[in-house]
Amino acid sequence: MVPDFYADPNIEGRYWTADTRAEAYSYIYEQIKTHESIIRYYKKHHNALTDTCRIPPEILAVIFGEVVRLAQEINRHNPWDHGIQISWVGNLWSDIPIDYPDWVRETVQRSKMTPLTISYRTTHPSAFARTTSNSISSSFMKEILSTHLSRIRSITLGSTHYAISVVQHTELLEILALLDQPAPALEHLKASPSLDGGDNSEYKLPDGIGVGSPQLKHLILEGCGVAWKPFGFRNLKTLKISNIPPSMTLSMSELLDVLSQTPLLETLSIADIEHSAGAGGAQPINLGHLRRIAVSSRLVGSVFFFDHIVFSKSARAINIKLDIPEYLLYEEDVLTLVALVRNVEKSVSGSISKLKLGDKVRIWKSETTQTLPALLTTAIIVVEPNKRFAAGLSNTFWQSFHLSQLLSLDVDINLAADTWSLYGDLPHLKYLKVSSNRAHLLNVLCRGMVQASNLEDSTLRPSFVALRSLAITRWDLMIADSAEEDIATGILDCFKLRKKAGLCLQLLELRDCRVSNATVDGLRDYVKKVTWDGYQNESDSDSDSYN
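Computed from a prediction, not measured in an experiment: that's the story for all the values here.

The next thing to look at is the overall build of the chain. When you go through the chain residue by residue, the secondary structure sums to 17 helices and 20 strands. Going through the 547 residues of the chain one by one, you find that 44% of them count as buried. The contacts of the chain with a sequence gap of at least 6 include a subset with a gap of at least 24, amounting to 63%. When the accessible surface of the chain is split by element, carbon and sulfur atoms take 53% of a total near 28400 Å².

A separate point is the pairing of strand E14 (residues 361-366). Counting buried residues along E14, 5 of its 6 residues qualify, which places the element largely inside the surrounding structure. Relative to E14, strand E13 (residues 351-357) is paired through 6 bridges, and the arrangement is antiparallel. Its bridge partner lying in E14, Lys354 is registered against Trp364. Hairpin connection between E13 and E14: a loop of 3 residues separates the two successive antiparallel strands.

A few words on the packing of helix H9 (residues 252-259) against helix H10 (residues 299-307). Close contact between H9 and H10 brings their axes to 11 Å; oriented N to C, the two are set at 25°. Our classification of the angle between H9 and H10 gives roughly parallel. The interaxial crossing formed by H9 with H10 has right-handed handedness. Contacts between H9 and H10 involve Met252, Leu255, Leu256 and Leu259 from the first element and Gly301, Phe304 and Phe305 from the second. Considering only residue class, the contact of H9 with H10 consists of 6 nonpolar, 1 polar and no charged.

By secondary structure assignment, the location of Val348 is in the loop between helix H11 (331-346) and E13. Judged by relative accessible area, which is 3%, Val348 ranks as buried. Considering only alpha carbons, one finds Val348 and Lys365, 17 residues apart in sequence, at a separation of 7.8 Å.

Further remarks concern unusual backbone geometry. Despite not being glycine, Phe464 shows a phi value in the positive range, around 50°. Positioned with a positive phi, Asp512 is a non-glycine residue whose angle comes to about 55°.

Scoring rules and cut-offs
Residues numbered from 1 in each chain as written. Predicted model: local features only at pLDDT ≥ 70, side-chain atom pairs only at ≥ 80, totals over all residues. Heavy atoms only, no water. Helix = DSSP H or I, 4+ residues; strand = E, 2+ residues; numbered from the N terminus. Buried < 20%, exposed > 50% of the residue type's maximum accessible area, 1.4 Å probe, protein only. Contact = heavy atoms within 4.5 Å. Areas by Shrake-Rupley, 256 points an atom, 1.4 Å probe, with all protein chains shown as cover. Pairing = 2+ DSSP bridges. Axes fitted to C-alpha atoms, helices over the stretch in contact; angles between N-to-C directions. Parallel < 35°, antiparallel > 145°, perpendicular 65-115°, else oblique. Left-handed = near helix turned anticlockwise from the far one by under 90°. Nonpolar A, V, L, I, M, F, W, Y, C, P; charged D, E, K, R; others polar.

Bear in mind that shape data such as this cannot, by itself, settle questions of function.
Structure (structure tokens):
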């Protein structure tokens, strides 16, 4: 039974101020769209079970053709009128007549001055490829752009396949050329033509499109260039650039010049930006509305970029993908990366509340320091080096974050003992998830624990004093350590002493851990709740992967 009442923990009990009300509206609107899409999904599958929707498309096409033919025989003013009426039977029935050119032309004409959303995509050049029902022909696309561009609100140009034919390439160039005329209603433009790697694949928007599209708010270029000087899109809120043709590659100085002309920008995604010495001005560019950033560049280019922009302190998502060669890692590279992360992190308001370390470094920041942040108050910073670079990072990097308010830590790489000691000293850390790292983590967990009724006899400060939940993955608790002591006995003694010292865990999760039932039962004496996925495999003698 579906409950009659649904409560969202991100809303219930929250007090909204004037500063957070806008974020609340945005969150609720996104939730409404999500739930409406879920309802449409189930309605679609519900309708698919009806008898009408189970008729093969070929039969529906014959029925539709007969309807139109009969309408012509009785001299209706326009036989397509009846076609429009019967299209409302269902989505499948609607898809049948859309392939008719006259159908699309008729609907465009009937829309009068209503803003249009147009999508054109080339298909695979194979002789067996068929135009998809939600696309239109190149000739009709050119007809629409020639006669109706003034009322088009959104244009999507692209390809459904990487390789395109010479004819399709020519058609795309002709379609792009038609954008060189006034488009006062255009708000969204996505140009993502397919590249075949040759010199003839250099697509470019017309030079005058910036002047002719004053209302353009969202510009997405994938494999397509534009005249960077002058850049006339001053009202842009979204700018995404990737796979720019070689002759039109955007330099760092050109990028900064473009950004200086887009003060309303909210979302920026850039890739393959060439950094050159001496690029940029002395003063950083103020982009106070910029809240979502994705940058893919070399390390020095990323550092330079973030040194020359000022983005919103309430940024929601920052993704930095570094193009780092997989040769021997130098210490200066680590120091440069530390400076980059510190610069970006301190530019976002709040404290680091959650940290995840792996091939990617994910940082969540929040204004609250008591509980894990709700969606509305979370910023995510992602640093994505390559695997070899991440594995070679020294403690200089892992210890460079300001973690005094950290609540949650997720570790999926092997860390040194001194790094674990640092994390063990964090006063607010409540949630810890660890893969491998068995030896170092056990040493830190047992730090300051003595065979006494209290901790006063210990000269060492106990670790993880606020820890409530621990999840461990790929640990082998059925082998002996170097001192010939059973690992399971060691961890049982550790949690026994922590419970006696008032540091009892609320939850311990064992995932893909080689452990006996007896050990699990013993852990339940010292931890309030223990969950285990049942993995045992006592015959497996290879335990290196667990260390």
